[in-house]
Amino acid sequence: MKVIVIGCTHAGTAAVTQMATLYPQAEITVYEKNDNISFLSCGIALNVGGVVKDPESLFYSSPEQLKKLGVQTNMLHEVLAVDTQAKTVTVRDIIKDEIKIDSYDKLVVTTGSWPIIPKLGGMDLDNIMLCKNYAHAKAIIERAQQAQRIVVVGAGYIGIELVEAFEQLGKQVTVIDNTPRVLFKYLDREYTDLVEEAMKQRHIELALNQTVTGFQGYNGKVNRVITTGGEYEADLVIMCIGFRPNTELLAGQVDQLSNGAIIVDDYMRTSCADVFAAGDSCAVRYNPTSQHAYIPLATNAVRMGTLIARNLMKPMVRYMGTQGTSGIKIFDLNIACTGMTEQAAIDAGMIVKSITINDHYRPEFMPTYEKALLKVVYQEANGRIVGAQVLSKADLTQSINTLSVCIQNHMTMDELAFVDFFFQPHYNKPWNLLNQAGLQAYNPQHSDSKAAMA
């Protein structure tokens, strides 16, 4: 059996290492257009801020390690075309500038995503940078040393983490976003208000509800960002406005979402026989809505890549879907979320309610007892949990992993009220914060309706 894998970051690395173990007789060939694999881009901000000293530590695999597994890893090889009917790929050796055609029995497409690059005046100016891969990380660190005024365009996770890193380096930082709040996609207002206040206390300029319209420069280097709301001086600009899937190779050959994300079934199979896909190039089944959605996260990618290996020969292990569970640490705030925000649920046409708990996370007789803000969003009709968020100076982020399981298993708030959680004064109160949320929302009719469905 001959397997070709296109792309080798998170999903690709997971798929390749598992396939090499499960199918030692298979001929596995990887084509990767970069000169490295398995780079944890989520660590770029930590590297910029000096928390991670060595960027090399952000790699968890290498071509040499794959070679030891018997995998033929071709770095700096770009796949130019895929013919799913003939089961061939056309590949260019970037160093030698040579083209060849290779054939496969099974094809694994883990081509990932690439930052969205807007077509704006001045985008070709120097010191306007992307933030995705190892080369970007090295360049950002180098340029930031010479910059004092840094503008980050995009107030999602990557953008906000970079803002924090630059502020800690003593830079003058502005963050621009076209939404009304930072982390708008992940958190409701009661959370983003706290994040924004923490940013303002550190003299970070927030330019929200504004869209970048262009850039101005001097001597070929950017020195000003123009938006619908004003102008901002900048020595360095980092573009973090989102990602789009790299799926042009399969355009017109497999089913895709409107943004190009490849649609796969629960066994990571595309609509084309013997073609599998995983990671940021794919749509995933989003459990809160039971619909396909584009949620580029490393956690999704690793799970999906592993499932490709398990299901390569025949469907064996089903994908359980995702809640888009994620976390972030901003200054001294530990934040995590899963599923839908209340605003996202309303925008999706759901009729929902929410419970917000604002309480000390452990008893007041303890030496310290930080405030915790927990919000759980649920459907009004049946109490089914669809989302949750937590924020505290104490690290309570694992509670969101618990609520992720609740959403995945279609649990209701009434069930959450009486789930068995331990009590120990070092960690919580006799009624756990999650129990408290369930109790405040308790409605016996929800339990009765679920029992009737069982």
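Keep in mind it's a predicted model, so treat the numbers as computed, not measured.

S.K.: Teacher, can you tell me more about the overall build of the chain here?
M.R.: A count of helices and strands for the chain gives 12 helices and 25 strands. Along the three orthogonal principal directions, the C-alpha set of the chain runs to about 70 × 60 × 40 Å. Residues classed as buried in the chain amount to 53% of the 454 residues present. At a minimum sequence separation of 6, the contacts of the chain that also span at least 24 residues come to 62%.

S.K.: Explanation requested: the nonpolar core in the structure shown.
M.R.: It is characteristic of soluble globular proteins that their nonpolar side chains tend to be buried jointly. Among the nonpolar cores identified, the biggest contains 55 residues, and Met19, Val89 and Leu107 are the most heavily contacted of them. Apart from the residues lying within four places of it in its own chain, the contact partners of methionine 19 are Val3, Val5, Ile28, Val108, Ala309 and Leu312.

S.K.: Can you help me understand the sheet that holds strand S13 (residues 212-218) in this one?
M.R.: Think of a sheet as strands paired side by side through backbone hydrogen bonds, with each pair either parallel or antiparallel. If you walk across this open sheet you meet the three strands as S13-S14-S15, and the pairing is antiparallel. Both edges of this open sheet fall to S13 and strand S15 (231-233), since each of them pairs with a single strand only. If you compare each strand with its neighbour and ignore which way they point, the axes differ by 25° on average.

S.K.: Whenever I open this one, the packing of helix H1 (residues 10-22) against helix H7 (residues 298-311) confuses me. Can you help?
M.R.: A pair of packed helices can be characterised by two numbers: the angle between their axes and the separation between those axes. Between H1 and H7, the shortest axis-to-axis distance is 7 Å and the interhelical angle comes to 25°. As far as their axial angle goes, H7 and H1 are roughly parallel. Here the hand of the crossing between H1 and H7 comes out right-handed. Along the contact surface, H1 presents His10, Ala11, Ala14, Ala15, Gln18, Met19 and Leu22, while H7 presents Ala298, Ala301, Val302, Gly305, Thr306, Ile308, Ala309 and Arg310.

S.K.: I keep staring at the packing of aromatic side chains and nothing clicks. Help me out?
M.R.: Two aromatic rings, taken as a pair, are described by how far apart their centres are and by the angle between their planes. According to the stated counting rule, one finds four aromatic pairs in the structure shown. Cluster of aromatic residues (ring-pair linked, three or more members): Phe418, Trp431 and Tyr442. A cation sits over an aromatic face here: lysine 132 above phenylalanine 243, 4.8 Å from the ring centre. Just above the ring of phenylalanine 331 sits the side chain of arginine 202; from NZ or CZ to the centre is 4.0 Å.

S.K.: Would you mind going over a nonpolar patch on the surface with me for this structure?
M.R.: On the surface, Phe418, Trp431, Leu439 and Tyr442 cluster together to form a nonpolar patch covering roughly 420 Å² of accessible area. In this structure, leucine 439 sits in helix H11 (residues 433-440).

S.K.: Explain the sheet that holds strand S23 (residues 352-360) to me, please; I cannot follow it from the model alone.
M.R.: If you walk across this open sheet you meet the five strands as S21-S22-S25-S24-S23, and the pairing is antiparallel. Sheet topology places strand S21 (326-330) and S23 at the edges, where each strand pairs with a single neighbour. Averaged over all neighbouring strand pairs, the angle between strand axes comes to 10°, with direction disregarded. Note: S23 against strand S24 (residues 371-379), nine bridges, orientation antiparallel. Paired with aspartate 359 across the strands is alanine 372, a residue of S24. The strands that helix H9 (residues 398-408) touches are strand S22 (333-339), S24 and strand S25 (385-392); relative to S25, the one it contacts most, it runs at about 180°.

S.K.: What's the story with helix H4 (residues 134-146) in this structure? I'm lost.
M.R.: Owing to its 3.6 residues per turn, the α-helix aligns residues three or four sequence positions apart on the same side. Of all the residues in H4, the buried ones are Tyr134, His136, Ala137, Ala139, Ile140 and Ala144. Where H4 begins, one side-chain oxygen reaches toward the backbone nitrogen of alanine 135, 3.2 Å away; that side chain belongs to asparagine 133.

S.K.: I'm lost on the side chain of threonine 174 in this one. Help?
M.R.: Here threonine 174 lies in strand S11 (residues 172-176). Since its relative accessible area comes to 5%, threonine 174 is described here as buried. Here glutamate 205 takes part through its side chain, which lies 3.1 Å from a polar atom of the side chain of threonine 174. In this structure threonine 174 touches Ile150, Val151, Val152, Glu205, Ala207 and Tyr232, once residues within four positions along its chain are discounted.

S.K.: What am I meant to see in the side chain of histidine 360 here?
M.R.: Its place among the elements puts histidine 360 in strand S23. When its relative accessible area of 17% is taken as the criterion, histidine 360 is described as buried. Within polar-contact distance, the side chain of histidine 360 engages the side chain of glutamate 364 at 2.8 Å. Apart from residues lying up to four places away in sequence, histidine 360 is in contact with Tyr369, Glu370, Lys371 and Lys429.

S.K.: Would you mind going over the pattern of salt bridges with me for this structure?
M.R.: A side chain of one charge can pair with a side chain of the opposite charge when the charged atoms of the two come close. Counted by the stated rule, this structure contains 21 salt bridges. Lysine 132 serves as the salt-bridge partner of aspartate 280, at 3.8 Å between the closest nitrogen and oxygen. Of the two residues, aspartate 280 is situated in the loop between strand S18 (275-277) and strand S19 (284-286) and lysine 132 in the loop between strand S9 (128-130) and H4; the sequence distance between them amounts to 148 residues. Classification of lysine 132 as buried rests on a relative accessible area of 17%. One salt-bridge network, held together by shared partners, links Arg149, Arg224, Glu231, Glu233 and Asp235.

Parameters at a glance
The residue numbering used here restarts from 1 in each chain and proceeds along that chain's sequence as written. Note on the predicted model: pLDDT of at least 70 is required for a residue's local features to be given, and 80 or more for side-chain atom pairs to be given and counted; whole-chain, interface and lining totals, by contrast, use all residues. To obtain the side-chain values, all non-hydrogen atoms of the structure were included, while hydrogens and water were left out. By definition, any uninterrupted DSSP run of H or I lasting at least four residues is a helix, any uninterrupted run of E lasting at least two residues is a strand, and each is numbered from the N terminus. Think of it in three bands: residues with accessible area under 20% of the maximum for their type are buried, residues over 50% are exposed, and the middle band is partly exposed, with areas taken using a 1.4 Å probe on protein chains only. Note on definitions: a residue-residue contact is assigned when non-hydrogen atoms from the two residues lie within 4.5 Å. Only buried residues count toward a nonpolar core. Its members are Ala, Val, Leu, Ile, Met, Phe, Trp, Tyr and Cys residues joined through side-chain atoms within 4.5 Å. By the convention used here, strands pair only if DSSP detects at least 2 bridges between them. Here an angle of 0 to 180 degrees is reported between the N-to-C directions of two axes, which are lines fitted to C-alpha atoms, with helices fitted over the stretch in contact. By definition in this entry, angles of less than 35 degrees are roughly parallel, angles greater than 145 are roughly antiparallel, angles of 65 to 115 are roughly perpendicular, and the rest are oblique. By definition, turning the near helix anticlockwise from the far helix through less than a right angle yields a left-handed crossing, and turning it clockwise yields a right-handed one. Only Phe, Tyr and Trp rings take part, Trp by its six-membered ring, and two of them pair if their centres are within 6.5 Å. Stacked means planes under 30 degrees apart, edge-to-face means over 60, and tilted covers everything else. Two thresholds decide whether a charge sits over a ring: the Lys NZ or Arg CZ must be within 6 Å of the ring centre and within 35 degrees of the ring normal. In this analysis, a patch consists of residues with relative accessible area above 30% that form no salt bridge, clustered at 9 Å for like charges and at 5 Å for the nonpolar side chains Val, Leu, Ile, Met, Phe, Trp and Tyr. Computed with the Shrake-Rupley method and a 1.4 Å probe, the accessible areas treat only the protein chains shown as cover for residues. Each salt bridge in this description consists of a side-chain nitrogen of Lys or Arg and a carboxyl oxygen of Asp or Glu lying within 4 Å of one another. Here a polar contact means two N or O atoms within 3.5 Å. Within protein one must be a hydrogen donor candidate and the other an acceptor candidate, and residues neighboring in sequence count only if both atoms are side-chain atoms.

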